Amino acid sequence: MRFIHRYTPLFILLFIFSLALPVIALQETNGSDIPGRIAYVGDDFNIHVFDAATEETVDLTDNASSTVRYQWPTWSKDGRLAYFCCDLEFATDFNTSAYISSDAVSPGRLVFDAVGESVIYAAWAPASCDDATCRELAMLVNSVQTGGLNLTMVRDTREDAQVDIVAMGSPFYYSWSPDASQLAFHRNNRRLSIYSGALGDVDESLDQRTSGAFQAPHWSPVDHRILLGLPGDGPRRTRRVDR
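Throughout this description, residue numbers start from 1 for each chain and increase along the sequence as written. Local features in this predicted model are restricted to residues of pLDDT 70 or higher, and side-chain atom pairs are both shown and tallied only at a pLDDT of 80 or more, whereas totals for entire chains, interfaces and linings draw on every residue. Hydrogen atoms and water are omitted, and side-chain values are computed over all heavy atoms in the structure.

**Topic: the pairing of strand E15 (residues 191-196)**
Part 1: Along E15, 5 of the 6 residues are buried, which leaves the element largely enclosed by surrounding structure.
Part 2: In this analysis, strands are considered paired if DSSP registers two or more bridges between them. A run of H or I in DSSP becomes a helix once it reaches four residues, and a run of E becomes a strand once it reaches two; helices and strands are each numbered from the N terminus. In this structure, strand E14 (residues 182-187) lies alongside E15, joined through 6 bridges in antiparallel fashion. When the bridges of E15 are listed, His-186 appears paired with Leu-192.
Part 3: In this structure, the hairpin formed by E14 and E15 is closed by a connection of 3 residues, where Asn-188 is found at a positive phi of approximately 60°.
Part 4: Pairing of E15 with strand E16 (residues 201-203) involves 3 bridges; the strand directions are antiparallel. The partner of Tyr-195 across the bridge, within E16, is Val-202. Throughout, exposure labels follow a simple rule: accessible area from a 1.4 Å probe, protein chains only, divided by the maximum for the residue type, with under 20% read as buried, over 50% as exposed, and the rest as partly exposed.

Structure representation (structure tokens):
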């Protein structure tokens, strides 16, 4: 207990400092020597992209204010950048929007717009769709009125963006397969299932397994193994499942 009391002020200072840092996202460079880019929310609440090679900064938005605050710049593996508006803690309404910039140089185009909903998490597919110009963005969307969650898929094509709700649940956790053909779901604290993008449906075969305390499934980035929380031989033990 003496240790905790002695270092508590330091922990508090580090926590406060972390809150003051800007929200940033680093672009992956696939192991090359070429410097990447950093997308971040500036102190003006706009989205900016810093290019490490040229040391230049591009402003993707310029209309932020005390009530309009952009959030969560999110890179895809092919250089697309998604970002979202607005932080409902400071907004004057319950509107939410998602934008995608194809090159992180031009301002993003609006791909999702809703009233009474909030995007709370988003993850790009780790591989392209069959169409070489397509890459899907999986967004976890919260209904402000009902408190329910749905997984909304944005299929980013050259012509437009197709938006579909593929599953619902609360709480809701998901993970992409490495080839982007499937997602592992854990919903409602008990439902384990697999969503197939090709078939457009949910395989409930994992529902026969009782989920454990670990709620967030995680797909291996290199093969079809999935880490799931399942009751094992001992208490609170995690198992690996081969899909």
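**Overview of the sheet that holds E14**
Part 1: Spatially, 4 strands are ordered E13-E14-E15-E16 in an open sheet, and the strand pairing comes out antiparallel. Each having just a single partner strand, strand E13 (172-176) and E16 make up the two edges of the open sheet. Neighbour-to-neighbour, the strand axes of the sheet open up by a mean angle of 30°, direction not taken into account. Each axis is a line fitted through C-alpha atoms, and for a helix only the stretch in contact is used; angles between axes span 0 to 180 degrees, taken between their N-to-C directions.

**Topic: the sheet that holds strand E11 (residues 149-156)**
Sheet strands line up and pair through hydrogen bonds in the backbone, either parallel or antiparallel.
Part 1: Taken in spatial order, the 4 strands of this open sheet run E9-E10-E11-E12, and their pairing is antiparallel. Of all the strands in the sheet, just strand E9 (117-124) and strand E12 (161-169) have a single pairing partner and so form its edges. When strand polarity is set aside, the average angle formed by the axes of neighbouring strands in this sheet is 25°.

**Let's talk about the side chain of Ser-193**
Part 1: With respect to the helices, strands and loops of the structure, Ser-193 is situated in strand E15.
Part 2: Pairs of N or O atoms are called polar contacts if they sit within 3.5 Å, as long as, within protein, a hydrogen donor faces a hydrogen acceptor (for residues adjacent in sequence, only side-chain-to-side-chain pairs). There is a polar contact of 3.3 Å between the side chain of Ser-193 and the side chain of Arg-187.

**Here we look at the pattern of salt bridges**
Part 1: The salt bridge definition used is simple: a Lys or Arg side-chain nitrogen within 4 Å of an Asp or Glu carboxyl oxygen. Here the structure, examined in full by the defined rule, presents 6 salt bridges.
Part 2: The salt bridge partner of Asp-78 is Arg-135, with a shortest N-O separation of 3.3 Å. Residue Asp-78 is located in the loop between strand E5 (70-75) and strand E6 (81-85), and its partner Arg-135 is located in strand E10 (residues 135-143); the two are separated by 57 residues in the primary sequence.
Part 3: Classification of Arg-135 by relative accessible area gives buried; the value is 7%.
Part 4: Linked through salt bridges whose partners overlap, the residues forming this network are Asp-78, Arg-80, Arg-109, Arg-135 and Asp-156.

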